[in-house]
Amino acid sequence: MRQFSILVVFALAFGGAAVLYEQESRKVKGVLTQITDLQAKVGDMQAEINRLNAELEAVKLAERRRPNLGAVANRVLHSKVDTNPSAPVSRPAPQSARKSQEFSVGDVTVSTPAIHGRGESPEESEWAKPTVDAETYESQSGGTDEPVTDPYQ
């Protein structure tokens, strides 16, 4: 009987230890799951940080390439303040000189093509003739008065 009581004590001790072990292992599993989730979140945050750093570098590079707008504005303002600029970019031409620079009818000349067809002399080509309207050209070239039919209809 004495052995039976020792066996019961051992069974209760091992049973209690098993229950405590199961409870603690569940706690550890919960903590490990939380750690895994936190590691995934940290990885996502690190990827976001890398993306933002890349964007920041791109913006810094663009800022270096773009002229300083403040300096450009100051240059423009200071150049407007100066009444006598040291070297003007362009000067307006006097009115009489402008009249002589305008086109007149005689300025436009008809040019013959550089390559001539076989058997065509430059004097006989259509390029040597003055320009005419399409209707006049058709009547001169002996065009027919039949309406042209559309092949796609």
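Residues numbered from 1 in each chain as written. Predicted model: local features only at pLDDT ≥ 70, side-chain atom pairs only at ≥ 80, totals over all residues. Heavy atoms only, no water.

A. Examining the overall build of the protein more closely. Helices and strands together make up the secondary structure of the protein, namely four helices and zero strands. Ordering the α and β elements of the protein from the N terminus gives α-α-α-α. Burial statistics for the protein: of 153 residues in total, 1% are counted as buried. Roughly 15,000 Å² of accessible area belongs to the protein as shown, and the carbon and sulfur atoms make up 60% of that amount. (Helix = DSSP H or I, 4+ residues; strand = E, 2+ residues; numbered from the N terminus. Buried < 20%, exposed > 50% of the residue type's maximum accessible area, 1.4 Å probe, protein only. Areas by Shrake-Rupley, 256 points an atom, 1.4 Å probe, with all protein chains shown as cover.)

B. Structural context of the pattern of salt bridges. Taken as a whole and judged by the stated rule, the model has four salt bridges. A salt bridge links Glu-24 to Lys-27; the shortest N-O distance between them is 3.5 Å. Taken as a pair, Glu-24 and Lys-27 lie in helix α1 (residues 2-65) at a separation of three residues, close to a single helical turn. Given a relative accessible area of 43%, Glu-24 falls into the partly exposed group. Glu-55 is the salt-bridge partner of Arg-51, the closest N and O atoms lying 2.4 Å from each other. Placement of the pair is Arg-51 and Glu-55 together in helix α1, with a separation of four residues, close to one helical turn. Its relative accessible area of 41% is what places Glu-55 among the partly exposed residues. Several salt bridges share partner residues, and in doing so they unite Glu-48, Arg-51 and Glu-55 into one network. (Salt bridge = Lys/Arg side-chain N within 4 Å of Asp/Glu carboxyl O.)

C. Looking closely at a nonpolar patch on the surface. A surface patch of nonpolar side chains, amounting to about 610 Å² of accessible area, comprises Met-1, Phe-4, Leu-7, Val-8 and Leu-12. Within the secondary structure, Val-8 sits in helix α1. (Patch = residues over 30% accessible without salt bridge, like charges linked within 9 Å, V, L, I, M, F, W, Y side chains within 5 Å.)

D. View of the packing of aromatic side chains. Overall, the coordinates contain one aromatic pair when judged by the stated rule. Pairing Phe-10 with Phe-14 gives two aromatic rings, centres 6.4 Å apart and planes at 25°, and the pair type is stacked. Here Phe-14 and Phe-10 lie together in helix α1, a separation of four residues that amounts to about one turn. Given a relative accessible area of 60%, Phe-14 falls into the exposed group. (Phe/Tyr/Trp six-rings, centres within 6.5 Å; stacked < 30°, edge-to-face > 60°.)

E. Structural detail: the confidence of the model for the protein. On average, residues of the protein score 76 in pLDDT, and 53% of them are at 70 or above. Mean pLDDT across the elements of the protein ranges from a minimum in helix α3 (residues 95-101), with 56, to a maximum in α1, with 93. (pLDDT = per-residue confidence, 0-100.)

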